[in-house]
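# Examination of the molecular architecture
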Amino acid sequence: MTIAPTTTGTDASPPSQESGRAAEQLPAHRLVARATGSYIARIQPQYLSDTSAAVAELARLRRGAGKRVHQVQDLWGVGGTEELARLLDGPKEFIRLEYAEEAVFLASTLWALHQQSGRDAGMHDRRQNLGGAVRALIRLKVASGEDEEDSSLRKRLVRVGTAESLDSVAVRLREIVLLLRGAREPLDYARLAGQLYRWQHRPDRAGVQREWGREFHLAAAAASASRNGKPSSGVDTGDTRDTGDTGDTGDTGDAIDQALAPDEEFGGYAAGE
């Protein structure tokens, strides 16, 4: 299914002859983020305006939410993978293609599930990361009387952070996305795609897990400062609006759950499903 591109969104510019060479200059995870952001920036405004082709495409994409790219043959070439192919028009030795395809596909299909039946606002929003989105949901629950430290939502994020297979990550992210959809809380799917690419490479996994924990904790600090009427601390959380950068500097960061000790040799928190 082909949908005419629009000029909406900063990542939606048409491909040029220089796209392949420009792509080589970016880290692989940023290319994955850019492909995902470009695809969603093209489709999301069309879906919000109830364009029939976009509505049909999201219906197809939702069937792949929480699954692997090879499991839904009907979606081959859909969901940002064509954008990824255009960015990679040229030498491909610098990127793990299978990881890239899985990350773009998973992020795009989760966005389609998140956006389902919502025409009031786009659910892909570069201002909200995964940890921050979960923290926002927790604040809504706390307002209704649930204890924050014992929140089931926090436990769900911990389960994403401790997953040991992409299948488990996909299923657990799908559970969180369904909750985000119910609360109309958006998420930066370009950033998530870049993180999912890095997560699949075992040596990079601990860094992604730390980022999810750091996002969660920084969102709490920002909320506390807002409640107290204090200005932002100025902590750089990684601006992903154009680059898809995760902002990870390789420091030790914070675990989502302090009881989960980092295990760098095996790529992150204690193993277990």
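Residues numbered from 1 in each chain as written. Predicted model: local features only at pLDDT ≥ 70, side-chain atom pairs only at ≥ 80, totals over all residues. Heavy atoms only, no water.

Turning next to the pattern of salt bridges. If the charged atoms of two oppositely charged side chains come close together, the side chains can form a pair. Applying the stated rule across the entire model yields 11 salt bridges. The salt bridge involving Asp50 is made with Arg119; its shortest N-O contact spans 2.9 Å. Taken as a pair, Asp50 in the loop between helix H2 (28–48) and helix H3 (52–62) and Arg119 in the loop between helix H5 (97–115) and helix H6 (130–143) lie far apart in primary sequence, 69 residues in all. By relative accessible area, Asp50 is classed as partly exposed at 49%. (Salt bridge = Lys/Arg side-chain N within 4 Å of Asp/Glu carboxyl O. Helix = DSSP H or I, 4+ residues; strand = E, 2+ residues; numbered from the N terminus. Buried < 20%, exposed > 50% of the residue type's maximum accessible area, 1.4 Å probe, protein only.)

With that out of the way, let us pick up the side chain of Glu185. Looking at where Glu185 falls in the secondary structure, it is placed in the loop between helix H8 (166–183) and helix H9 (189–200). It turns out Glu185 is buried and unbridged, and the closest side chain with the opposite charge, Arg139, is 6.4 Å from it. Looking at Glu185, its side chain comes within polar contact range of the side chain of Gln128, at 2.9 Å. Setting aside residues no more than four positions away along its own chain, Glu185 makes contact with His114, Met123, Gln128, Ala133, Ala136 and Leu180. (Lys, Arg positive; Asp, Glu negative; His and termini not counted. Polar contact = N/O pair within 3.5 Å; in protein donor to acceptor, adjacent residues only side chain to side chain. Contact = heavy atoms within 4.5 Å.)

Before going further, it helps to spend a moment on H3. For H3, every residue scored as buried is listed here: Ala54, Glu57, Leu58, Arg60 and Leu61. Along the long axis of H3, the arc covered by the buried residues comes to 160°, so they all point the same way. (Arc of directions from axis to C-beta.)

Structural measurements only, silent on function.
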